[in-house]
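Now for the letters of each chain:
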Amino acid sequence: MVSKNQMNVIIGILFLFTVLIIIVGVSNSKTTKESEISVEMNVSKTPDGKPLVEYHVSAIYSTNVDNWMKEYALEHRTSSQEELHLFTFSDGKQFEYWMSEASAAEKGFLYPSSWTEELDESLSPSKINEQQFNENLNQLMSKWDGACFEWQADEIIGERLYVYTGQPLTGLSIGDEASFLKNYIDLKPDRDEYGIIIQAPSADGQTITKALEYQSKDHTLLEAEITSSGSKSGIMWTDTTYTSIVNAIKTNTFTNHPGKEGVLQF
């Protein structure tokens, strides 16, 4: 006859065995699910020439895949330099993995993020005449007393719009720049290249020049700032279209996709 103590030992062993089976089952289930994940991968470059790798993952995000993202990105490194790897899961959750140089001790940094896919390009220029253009620009420049504009011939792109604020660029936003550019395109929608120069004095007496150069065929927009002391900086935006320019008037950014803009030093 089995004693009470022996029975308790047997029950304890059976309980532990049952728990072990469940753990193994869950582990196998997890492994199976991860092995069944399919990934669509696209490789391109950021505007400053760094590799950009985008993944569309056929799975719902859970914290269990954080390490998987890091490992998967490292396995699919395309160069030895810094890279940006972007993951979009089937439930819309998105993550940026900024990968360090291959020789760095820290392999990279994973960030939760939020960006939109490229919008439907449903907008097209609405042709305006010169009078409408002048009225629109005068309204845009009304925030700066004495501001004016003129057209100047240019050897590179043929023609540039010059805006002189006469005051420091207080209040100038990307939305304002987009408004200038939209009106230029609406006035002359058949051009391939558009250039805008915005000049203003700074508090210390220097001249600050903001330059916009948009190429409609290549969908690129260079936004640069140059001072009379010689310092230069800029941002190159890619996948810029008439629709994204119009949207920038309200959103105040030409894109919220981290792989579509790059800081450039000149």
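All of these numbers come straight from a predicted model, not from anything done at the bench.

S.K.: Would you mind showing me how to read the pattern of salt bridges here?
M.R.: Note that side chains of opposite charge can pair when their charged atoms are close. Scanning the entire structure with this criterion turns up 10 salt bridges. Notably, a salt bridge pairs glutamate 177 with lysine 210, separated by 2.7 Å at the nearest N-O pair. One end of the pair, glutamate 177, is in helix α4 (residues 174–187); the other, lysine 210, is in strand β9 (residues 207–215), with 33 residues separating them in the sequence. The exposure classification of glutamate 177 matches that of lysine 210, with both residues buried. The shortest N-O distance in the salt bridge between aspartate 186 and lysine 182 comes to 2.5 Å.

S.K.: Could you clarify how one ought to interpret the sheet that holds strand β3 (residues 83–89) in this entry?
M.R.: The strands that make up a sheet pair up through hydrogen bonds in the backbone, lying either parallel or antiparallel. Ordered in space as β1-β2-β3-β4-β5, the 5 strands form an open sheet in which the pairing is mixed. Sheet topology places β1 (39–45) and β5 (108–113) at the edges, where each strand pairs with a single neighbour. Averaged over all neighbouring strand pairs, the angle between strand axes comes to 20°, with direction disregarded. As judged from the 6 bridges shared by strand β4 (residues 94–99) and β5, these two strands associate in the antiparallel manner.

S.K.: Just to check I follow, could you spell out the nonpolar core for this structure?
M.R.: Buried together is how nonpolar side chains tend to be arranged in soluble globular proteins. With 31 residues, the main nonpolar core has Phe180, Leu181, Ile196 and Phe254 as its most contacted residues. Within the residue set of this core, elements represented by two or more residues are α3 (130–140), β7 (158–164), α4, β8 (193–201), β9 and α5 (242–251). No other element matches the 7 residues that α4 contributes to this core. Counting 16 residues, the second largest nonpolar core, distinct from the first, contains Ile37, Tyr61, Tyr72 and Phe95.

S.K.: Just checking my understanding: could you explain the packing of aromatic side chains for this structure?
M.R.: Note on aromatic pairs: each is described by the distance of the centres and the angle between the planes. Per the counting criterion, the structure on display carries 14 aromatic pairs. Here tryptophan 68 and tyrosine 72 contribute two aromatic rings whose centre-to-centre distance is 4.9 Å and whose plane-to-plane angle is 35°, an arrangement assigned as tilted. Of the two residues, tryptophan 68 and tyrosine 72 are both situated in helix α2 (residues 66–75); the distance of 4 residues between them amounts to about one turn of the helix. Assessed through its relative accessible area of 14%, tryptophan 68 is described here as buried. On the numbers, 5.4 Å between centres and 65° between planes, the contact of tryptophan 237 with phenylalanine 254 is edge-to-face. Linking tryptophan 237 in strand β11 (residues 232–238) with phenylalanine 254 in the loop between α5 and β12 (261–264), this pair joins segments that are 17 residues apart in sequence. Summarising the burial analysis for this pair, tryptophan 237 and phenylalanine 254 share the class buried. Among the aromatic residues, ring-to-ring pairing joins Phe133, Phe149, Trp151, Tyr184, Tyr194 and Tyr214 into one connected group. Residue placement shows lysine 143 over the ring face of tryptophan 144; its charged tip is 5.6 Å from the ring centre.

S.K.: What's the story with the packing of α4 against α5 in this structure? I'm lost.
M.R.: The angle between the axes and the distance between the axes are what describe a pair of packed helices. Between α4 and α5, whose axes approach to 7 Å, the crossing angle comes to 135°. By the angle between their axes, α4 is oblique relative to α5. Regarding α4 and α5, the two cross each other, and that crossing is left-handed. Two secondary-structure elements touch here, α4 through Gly175, Ala178, Ser179, Leu181, Lys182, Ile185 and Asp186 and α5 through Tyr242, Ile245, Val246, Ala248 and Ile249. Partitioning the contact of α4 with α5 into residue classes produces 8 nonpolar, 2 polar and 2 charged.

S.K.: Whenever I open this one, a negative patch on the surface confuses me. Can you help?
M.R.: Judged by side-chain charge, Glu117, Glu118, Asp120 and Glu121 come together as a negatively charged surface patch. Checked against the element boundaries, aspartate 120 lands in the loop between β5 and α3.

S.K.: Could you clarify how one ought to interpret the confidence of the model for the protein chain in this entry?
M.R.: Regions with low pLDDT carry predicted coordinates that are not meant to be interpreted in detail. Residues with a pLDDT of 70 or more make up 86% of the protein chain, whose mean pLDDT is 86. Here residues 16–32 is modelled with pLDDT under 50, and outside its nearest four sequence neighbours on either side it reaches 1 contact, counting other chains as well.

The rules we used
- Think of each chain on its own: its residues are numbered from 1, step by step along the sequence as written.
- In keeping with the model being predicted, local features are shown solely for residues with a pLDDT of at least 70 and side-chain atom pairs are shown and tallied solely at 80 or more, while totals for entire chains, interfaces and linings include all residues.
- As a rule here, side-chain values cover all heavy atoms of the structure and leave hydrogens and water aside.
- Any carboxyl oxygen of Asp or Glu within 4 Å of a side-chain nitrogen of Lys or Arg constitutes a salt bridge here.
- Starting at the N terminus, helices and strands are each numbered in turn, a helix being any DSSP run of H or I of at least four residues and a strand any DSSP run of E of at least two.
- Three exposure classes are used, based on accessible area relative to the maximum for each residue type with a 1.4 Å probe and protein chains only: buried under 20%, partly exposed in between, and exposed over 50%.
- Strand pairing is defined by DSSP finding a minimum of two bridges between the two strands.
- Every axis in this analysis is a line fitted to C-alpha atoms, fitted for helices over the stretch in contact. Angles between the N-to-C directions lie between 0 and 180 degrees.
- Only buried residues count toward a nonpolar core, which is a set of Ala, Val, Leu, Ile, Met, Phe, Trp, Tyr and Cys residues joined through side-chain atoms within 4.5 Å.
- Ring pairs shown here join Phe, Tyr and Trp side chains whose ring centres sit within 6.5 Å, with only the six-membered ring taken for Trp; geometry is labelled stacked below 30 degrees between planes, edge-to-face above 60, and tilted in between.
- The rule for a charge over a ring is simple: NZ of Lys or CZ of Arg within 6 Å of the ring centre, and within 35 degrees of the ring normal.
- Every angle not falling under 35 degrees, over 145, or within 65 to 115 is termed oblique; those three ranges are roughly parallel, roughly antiparallel and roughly perpendicular.
- Crossing chirality is assigned from the near helix's rotation relative to the far helix, an anticlockwise turn below a right angle marking it left-handed and a clockwise turn marking it right-handed.
- Contacts: residue pairs with any heavy atoms within 4.5 Å of one another.
- Throughout, the ten residues Ala, Val, Leu, Ile, Met, Phe, Trp, Tyr, Cys and Pro are labelled nonpolar, Asp, Glu, Lys and Arg are labelled charged, and all others, Gly among them, are labelled polar.
- Here a patch means residues that are over 30% exposed by relative accessible area and free of salt bridges, tied together within 9 Å if like-charged and within 5 Å if nonpolar (Val, Leu, Ile, Met, Phe, Trp, Tyr).
- Computed with the Shrake-Rupley method and a 1.4 Å probe, the accessible areas treat only the protein chains shown as cover for residues.
- Working convention for charge: Lys and Arg count positive, Asp and Glu count negative, and His plus the chain ends are omitted.
- Positions of charges follow a simple convention, taking NZ of Lys, CZ of Arg, CG of Asp or CD of Glu.
- For every residue, the pLDDT score states the predictor's confidence, bounded by 0 at the bottom and 100 at the top.

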